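# Structure at a glance
Given next are the chains, with one letter for each unit.
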Amino acid sequence: MWSGVRCHTSIIVTWRLFLGDGLGAAAPRSQQKSGHPRYFNQLSSGLDIIGLAGEWLTATANTNMFTYEIAPVFIAMEEIVLKKMQEIIGWGENEADGIFSPGGTISNLYSLQAARYKYFPLVKTKGMAALPQIAVFTSEQSHYSFRKAASVLGIGTDNVIAVKCDERGKMIPSDLEDKIQKAERQGQHPFYVSATAGTTVFGAFDPLVSIADICKRYGLWMHVDAAWGGGLLLSKKHRHKLNGIERANSVTWNPHKIMGVPLQCSAILIWQKGLLQSCNEQCADYLFQMDKHYDTSYDTGDKTIQCGRHVDVFKFWLMWKAKGTCGFELQINKILELAEYLYNKLKSKPNFELVFHDKPECTNVCFWYIPPSLEHAPRDEEWNAKLHKVAPQIKARMMEEGTVMVGYQPQGDKPNFFRMVISNPASKKSDIDFLLEEMERLGKDL
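Residues numbered from 1 in each chain as written. Predicted model: local features only at pLDDT ≥ 70, side-chain atom pairs only at ≥ 80, totals over all residues. Heavy atoms only, no water.

- The name that an unreviewed UniProt entry assigns to the protein is Glutamate decarboxylase 1 isoform X3, with the source organism given as Xenopus laevis.
- Heading Sequence similarities (unreviewed entry) of the UniProt record for the protein holds this comment: "Belongs to the group II decarboxylase family."
- UniProt, in its Cofactor (unreviewed entry) section for the protein, records the words "pyridoxal 5'-phosphate". (UniProt positions renumbered as here; feature names shortened; annotations may be inferred.)

## A word on the packing of helix α4 (residues 104-119) against helix α6 (residues 145-152)
- One way to put it is that α4 packs onto α6 with a least axis distance of 9 Å and a crossing angle of 55°. Here α6 runs oblique to α4, going by the angle between their axes. When the axes of α4 and α6 are compared, the crossing they make is right-handed. Facing Thr 105, Asn 108, Leu 109 and Leu 112 of α4, the residues of α6 in contact are Ser 145, Phe 146, Lys 148, Ala 149, Ala 150 and Val 152. (Axes fitted to C-alpha atoms, helices over the stretch in contact; angles between N-to-C directions. Helix = DSSP H or I, 4+ residues; strand = E, 2+ residues; numbered from the N terminus. Parallel < 35°, antiparallel > 145°, perpendicular 65-115°, else oblique. Left-handed = near helix turned anticlockwise from the far one by under 90°. Contact = heavy atoms within 4.5 Å.)

## What to know about the UniProt feature "modified residue: N6-(pyridoxal phosphate)lysine" (unreviewed entry) in the protein
- The residues that UniProt annotates with the feature "modified residue: N6-(pyridoxal phosphate)lysine" (unreviewed entry) are Lys 257.
- Among the structural elements, Lys 257 can be located in the loop between β7 (250-253) and β8 (266-270).
- We classify Lys 257 as buried; its relative accessible area is 14%.
- Discounting residues that sit within four places of it in the chain, Lys 257 has contacts with Leu 43, Ser 44, Ala 227, Trp 228 and Ser 423. (Buried < 20%, exposed > 50% of the residue type's maximum accessible area, 1.4 Å probe, protein only.)

Right under this line is the structure:
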């Protein structure tokens, strides 16, 4: 009985630690609270109670997703949810496939692996030595996971060719076409292009229609990394930003980001049914016997890289049943309205400066805080060097105060700026106001 009381007390203490009033000061036993409405540090934030309940029930079931016999309900749920996501993209429900994976990096790796197998099936048995020098194209603003995937798959990071972006962070289609032609002239074999729907830093959406046209013209696989921006497909107001996604061969979509599903929840969606299975199957007869008494096509384990696979679908399914598509739409519209509110506030405040002046496409808002000491100084190299140190110092003070958290970074020749992202539906305009007031308070003496 005593151990049970101690366990119960521990749960209460942990709950208060994560959900208390503040973000958590920098004390040794403190923990940053990613569910707090003033936590803007990462693309994944917030705490959905329905999703949390789903995660608890999943842990209670403690089962695996590799065969239907041990996870029949979860396997069926995964198929239903993936079909719904494919339908929202614009694919026919019977022509596509997919799987939930441990995150966007792994989903992007699945895409590259499936594309390589589609174009060069010999790679499965003979390896990369049997292939020509293949080339991958992705924007200079894309996620680093494509270089990582190329390294893991033996393609090599030197064969990941960066395509130039415009000042807003969107891939330039003409440069993509130039780079494809150049690679061909140099004896490389282009086969894969990744476009981004919601870049990590600027929240930019690549021109998918133009990129799809180029992929069709050169016979290339088109992937859309919509890990961050995929949720906008559920918004009638904003889904136009992803026009052309229905022409992709594969899509990465992370409900654990802008849709607020608890970590982890990422889907890789492949337009060609059966490709994941052919690419990955090894037919281990201790798991995937063909003479089972049920339809063995429901055994998903042989179309994945993993053997053991966590049940990521249930919390998402439960949230979708609770909110409905309409509920997700309202949630997404609200956080995008907050981003526009922040954008308008920054334009009116003299000590803040936007990195670019266009309205935010996603919830990313990038800006500098200009302390009084730099306000009237000449904007030369020394000024840039001093500004570069401002964001890290304010961030450090934020962490010490434990009241708010937001990330910063440099980009190209731009000194460190704050990259504000909003994905917590609990955040309000008052939290945005507090953030700016806190930055001014913490940075006025720098």
